[in-house]
Amino acid sequence: MTRIQTEPAAIVIFGASGDLTGRKLAPALHSLACEGVLPPATQIIGVARSPLTDTAFRERVYEGVEAYARLKPGICSLWSDMSDRYTYLSGGYDDPETYRRLAERLAQVDAAHGTGGNRLFYLAIPPLLYPEVAAQLGKAGLNHSSGWTRIIVEKPFGHDLPSAEALNAQVHRVFDESQVYRIDHYLGKETVQNILTLRFANAIFEPLWNRNYVDHVQITVSESVSVGRRAGYYDTSGVLRDMFQNHLLQLLTLTAMEPPPAFNARFLRDEKVKVLQAVRAIAPDDVVLGQYEGYLQEAGVARGSRTPTFAALRLYVDNWRWQGVPFYLRSGKSLPQKLSEITLQFKRVPHLLFRDNARLAPNRLSICLQPDESIHLHFETKTPGAGMRTSPVDMEFHYGEDFGEHALPEAYERLLLDALQGDASLFARADEIELSWGLIDPLTDSGVPAPYMPGSWGPEAAHALVEQQHCDWYLGRRHGD
Ligand code: BG6
């Protein structure tokens, strides 16, 4: 992978003893260091409440790196050097003393390692603490420095539109929007970014990418896991807040947006915002909510909870390009498989020339984001033999085959790297967040979710939703369907 080395910086992780640090952040930083893009001067300061020594913190970090890094210490010999770059600072998030000590530590790091006042604060803490930590950073004067200062905020960014607006206002009291990097890890996925490459680095797709040729679009993000240990959080959130407001709407915007005049954070996000502005208010009849059977028995779920674990929507983007083209979005837990995929179904041929076929399958282009990162173009071909019968076949591209098994960086690697380089293209802007909450909020009150069997594709009504397209939801492999 060709990547440019970042400037040396101090990375401060709030919530350093938590799950995210061990599972995602430390493994991503390790792989970046192994690839030579994290300069040796970069230092990582973990902040959290638990009292931990530097050594104990490093051991925890090592466990995460060993278990989850794409490039593990066994593959890359950097760990002993990397380990020394981690230090720990324990303190309460609401205690000004924590920030005074942090400021002192940062000054020492600058002096000892030449990090030049560059600071990246990462909020890997429960969302309730975001305003407090942002305010305390401001009070301690840590919202600016002699270098650059940036802050990464994890999802969920708000719980609904009013809370997202309030949070934006609280953060903006301390940090300028240009310093704020709101994570949606789907944007860090290589295959998600490839939606833009496919569309705008090729001449052959874009002319078809509109209402004249596209019959409808399907976006599926399914998961086979149940809510498991996260039931307490999930029950207050549900699939609309947990997956649609962020990941699914991000996929929608990338699929539906106009080409930006240039590839930079401002232009890219301007175009995404325009898509969200054009989405028609979603009609109640265009929403199907489901809850898997057994959800109410999960530890942490409120009695009689109506939290949906599945949703399917039909929505319309009211603009010149997409007028009248339905977009179907669905996501849920306890479904048959983990799969993220976008399919454009094209319109049928206007006249059936080959009478040996009662009907021809329409062309489809599927972008499989995970787990089998690939692109499939589905078309009809002549079945060998007499007559003019046709069969559906696929033209396929698989990342693994062309670029190798370890070629795809983890989403957090890309996002951390971009934040260190000051590129906010793959982060959500304040207005984007607010517009997406504005679309999702009215749906969260759509009544009692219909039960569905774990391992099924959700309630029956979800299938009925796409029936008007004379097809069902498309899934994974295309051959023979
Ligand atoms: C998270 C959600 O944002 O995304 C989880 O909170 C979900 O509920 C996860 O499981 C899915 O991410 P991925 O990368 O595994 O598809």
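Residues numbered from 1 in each chain as written. Predicted model: local features only at pLDDT ≥ 70, side-chain atom pairs only at ≥ 80, totals over all residues. Heavy atoms only, no water.

1. A short note on the site of the ligand
Going by this rule: When at least one non-hydrogen atom of a residue lies within 4 Å of a molecule or strand, that residue is treated as near it. Any pair of N or O atoms that falls within 3.5 Å is considered a polar contact. Within protein, one atom must be able to donate a hydrogen and the other to accept it, and sequence-neighbouring residues count only if both atoms are side-chain atoms. Method for areas: the Shrake-Rupley scheme with a 1.4 Å probe, in which residue coverage is limited to the protein chains shown. The way it works is that DSSP assigns letters per residue, a run of H or I at least four long becomes a helix, a run of E at least two long becomes a strand, and they are numbered from the N terminus. Under the scheme applied here, ten amino acids are nonpolar (Ala, Val, Leu, Ile, Met, Phe, Trp, Tyr, Cys and Pro), four are charged (Asp, Glu, Lys and Arg), and all others, including Gly, are polar.
For the ligand, the full set of nearby residues is Lys155, His185, Tyr186, Lys189, Glu223, Arg230, Asp242, Met243, His247, Lys333, Lys338 and Gln370. Within the side chain of His185, a nitrogen or oxygen atom sits 2.8 Å from an oxygen atom of the ligand. Between an oxygen atom of the ligand and a side-chain N or O atom of Tyr186, the distance comes to 2.5 Å. Contact with the protein chains removes 80% of the 400 Å² of surface that the ligand exposes when unbound. A total of 3 residues in the shell around the ligand trace back to one element, the largest contributor, which is helix H9 (residues 238-256). Across the shell around the ligand, the residue classes break down as 2 nonpolar, 3 polar and 7 charged.

2. What to know about the nonpolar core
What tends to happen in soluble globular proteins is that the nonpolar side chains get buried as a cluster. Stated formally: What we call a nonpolar core is a set of buried Ala, Val, Leu, Ile, Met, Phe, Trp, Tyr and Cys residues that are connected through their side-chain atoms within 4.5 Å. Remark: exposure states derive from per-residue accessible area (1.4 Å probe, protein chains only) relative to the maximum for the residue type, with buried under 20%, exposed over 50%, and partly exposed in between. Residue contacts are defined here by distance: any two heavy atoms, one from each residue, within 4.5 Å place the two residues in contact.
Phe14, Leu102, Leu137, Phe244 and Phe327 are the most contacted members of the largest nonpolar core, which has 138 residues in total. Ignoring any residue separated from it by four or fewer positions in sequence, one finds Leu102 in contact with Val12, Phe14, Ile45, Val47, Leu89, Phe121, Leu137 and Leu142.

3. Brief notes about the packing of aromatic side chains
Keep this limit in mind: Classification of ring pairs rests on two measures: the distance between centres of Phe, Tyr or Trp rings, Trp counted by its six-membered ring, which must be within 6.5 Å, and the angle between planes, read as stacked under 30 degrees, edge-to-face over 60 and tilted in between. Counting as a charge over the ring demands two things of the Lys NZ or Arg CZ atom: a distance within 6 Å of the ring centre and an angle within 35 degrees of the ring normal.
Summed over all chains, the structure comprises 17 aromatic pairs. Arranged with centres 5.9 Å apart and planes meeting at 40°, the rings of Tyr399 and Phe403 form a pair that is tilted. Here Tyr399 pairs with Phe403, and both are found in helix H11 (residues 399-403), just 4 residues apart, close to one helical turn. Residue classification places Phe403 among the exposed residues on the basis of a relative accessible area of 55%. Aromatic rings pair up to connect Phe57, Tyr62, Trp79, Tyr86 and Tyr88 into one cluster. Here the basic side chain of Arg182 rests over the ring of Phe157, its NZ or CZ set 4.9 Å away from the ring centre.

4. Here's the deal with the pattern of salt bridges
Which entries qualify depends on this criterion: Take a side-chain nitrogen of Lys or Arg and a carboxyl oxygen of Asp or Glu: if they are within 4 Å of each other, that pair is a salt bridge.
Taken as a whole and assessed by the stated rule, the structure comprises 21 salt bridges. Its salt-bridge partner being Glu206, residue Arg321 comes within 2.7 Å of it at the nearest N-O pair. Of this pair, Arg321 sits in the loop between strand E9 (310-316) and strand E10 (326-332) while Glu206 sits in the loop between helix H7 (190-200) and strand E7 (214-222), placing them 115 residues apart in sequence. Exposure remark for Arg321: the relative accessible area of 12% places this residue in the buried category. The partner of Asp431 in a salt bridge is Arg429, and the shortest N-O contact between them spans 2.9 Å.

5. Description of the sheet that holds strand E15 (residues 450-452)
Applicable threshold: In this description, strands pair whenever DSSP reports at least two bridges between them. Where helices are involved, their axes are fitted lines through C-alpha atoms of the stretch in contact, as for all axes, and angles between N-to-C directions lie from 0 to 180°.
Pairing in this open sheet of 9 strands is mixed, and the strands run E14-E13-E12-E11-E7-E10-E9-E8-E15 from one edge to the other. Two strands close off the open sheet at either side, each with one partner strand: strand E14 (390-398) and E15. On average, each strand axis in the sheet is tilted by 20° relative to the strand beside it, whichever way the strands run. Taken together, the 8 bridges between E7 and strand E11 (residues 339-346) define a ladder with antiparallel strand orientation. Looking at the pairing, Ser222 lines up with Leu339 of E11. With respect to the sheet, H7 is in contact with E11, strand E12 (364-370) and strand E13 (374-382), its orientation differing from that of E12 by roughly 150°. Of the strands in this sheet, E7, strand E8 (287-292), E9, E10, E11 and E12 are in contact with H9, which crosses E10 at around 145°.

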